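Architecture at a glance
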Amino acid sequence: MNTLLSTVLDAAGGRGRWSGVRTLRADVSVGGSVWAAKGWPDGAPGMTVTADIRRQHVVITPFTAPDVSMEFDNSAATVPDASADDAGPQRVVLRDASGRVVEELTDPRAAFTGLLRASPWDATRLGYFLGYALWNYLTTPMLLTRPDVLVREIEPWREAGQTWRRLRVTYPETIATHSLDQTFYYDADGLQRRMDYVNEVMGSALVAHYTGHHRSFDGLVVPTRRRTFRRNPDGTANLNLPSITIDVHHVSPMTDEATPTAAFEHENR
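Note that the structure is a prediction, hence the values are computed from the model and not measured.

Along its length, the protein chain carries five helices and 14 strands. Scaling as 2.2 N^0.38, a compact globule of 269 residues should have a C-alpha radius of gyration of about 18 Å, and the protein chain matches this with 18 Å. Each principal axis of the C-alpha atoms in the protein chain carries an extent, and together these give about 50 × 45 × 40 Å. Among the 269 residues that make up the protein chain, the fraction classed as buried is 54%. Of all intrachain contacts in the protein chain linking residues separated by at least 6 positions in sequence, the fraction that spans at least 24 positions is 53%.

The following block contains the structure:
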């Protein structure tokens, strides 16, 4: 394993701890200046996000209304040992309180073709973006250990008086994410402080995504504060106003037996 990634996993609670978790259930609020243009001026506050660690599957409830839930599923292409031939269509499904499907979108990435950064989104497009993005965030760094995800350490970066080590990550086309090539930044303790990517579904904007306020939830250390900013071509960021804010209020790891582990938590650096 890449030595920096090994350090990062240790700082996040250890590969052994992450390997024993099947799903993460997180209480999350999403806000930021971008959502008014998208038609969702209040963002997405007060969500419960359930993310499967081993396949790209996530359920968000409530979603856009108290009695609606959203499921994003890309399981066929991302279960362990899946191949490109196994890849089925990705799906976004909205359900009412009874479980009845009220709206569905298949092959959701194609639904963003021709849209600009300020183009409004319907609920299924919003569900796709939040579904894949939150799944990526919650399952990292374990996600980076997949054999189909390529990682390599690149030159360090100086910012805010610190030197951050960096991983260049290349995802396979089978995983829904912002862009296939991304860069992760880590401080001297191995904690993630930033990530860079191209937000392809928002007009291919260059993004600098900052992470902090790390906390430990039953042994898993996760950043609970995320803020995204426009990134300049030279790698610097415009830190005036965040486009998207994400706050994680609580995380409950779930074992293979699908029972929550103990809910002890503490502040971590």
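Here we take up the packing of aromatic side chains. In this description, a pair of aromatic rings is defined by centroid distance and the angle of the planes. Throughout the structure, instances matching the rule amount to 11 aromatic pairs. Taking 5.7 Å as the distance between ring centres and 80 degrees as the angle between the ring planes, the aromatic pair formed by Phe129 and Tyr132 counts as edge-to-face. Of this pair, Phe129 and Tyr132 are both found in helix 5 (residues 123-139), three residues apart, which corresponds to roughly one turn of the helix. For the pair Phe129 and Tyr132, a shared accessibility class is recorded, and that class is buried. Ring pairs connect the aromatic residues Trp35, Phe72, Phe112, Trp121, Tyr128, Phe129 and Tyr132, which therefore count as one cluster. The aromatic ring of Tyr132 is capped on one face by Arg109, whose charged end is 5.5 Å from the ring centroid.

Now for the nonpolar core. In this structure, Trp35 and Leu130 are the most contacted members of the largest nonpolar core, which totals 64 residues. When residues of this core are assigned to their parent elements, the largest contribution, 11 residues, is made by helix 5. With near-sequence residues (within four places) excluded, Trp35 lies in contact with Val30, Trp40, Pro41, Gly43, Trp121, Leu126, Phe129, Leu130, Met202 and Ile244. With seven residues, the next largest nonpolar core counts Trp157, Trp164, Tyr210 and Ala237 among its residues.

Overall, the coordinates contain 17 salt bridges when judged by the stated rule. Salt-bridge contacts for Arg100 lead to Asp96; the nearest nitrogen and oxygen are separated by 3.1 Å. The network of salt bridges with shared partners includes Arg22, Asp52, Arg55 and Asp73.

Okay, the environment of Asn232 next. Tracing the backbone shows Asn232 in the loop between strand 12 (220-230) and strand 13 (244-255). Accessibility expressed as a relative area gives 23% for Asn232, which makes it partly exposed. Along the backbone, Asn232 and Ala208 are 24 residues apart, and their C-alpha atoms lie at a distance of 8.7 Å. Once residues lying within four places of it in the same chain are set aside, the contact partners of Asn232 are Ala237 and Asn238.

Conventions adopted
Residues numbered from 1 in each chain as written. Predicted model: local features only at pLDDT ≥ 70, side-chain atom pairs only at ≥ 80, totals over all residues. Heavy atoms only, no water. Helix = DSSP H or I, 4+ residues; strand = E, 2+ residues; numbered from the N terminus. Rg over C-alpha atoms; globule rule 2.2 N^0.38 Å. Buried < 20%, exposed > 50% of the residue type's maximum accessible area, 1.4 Å probe, protein only. Contact = heavy atoms within 4.5 Å. Phe/Tyr/Trp six-rings, centres within 6.5 Å; stacked < 30°, edge-to-face > 60°. Lys NZ or Arg CZ within 6 Å of the ring centre and 35° of its normal. Core = buried A, V, L, I, M, F, W, Y, C linked by side-chain atoms within 4.5 Å. Salt bridge = Lys/Arg side-chain N within 4 Å of Asp/Glu carboxyl O.

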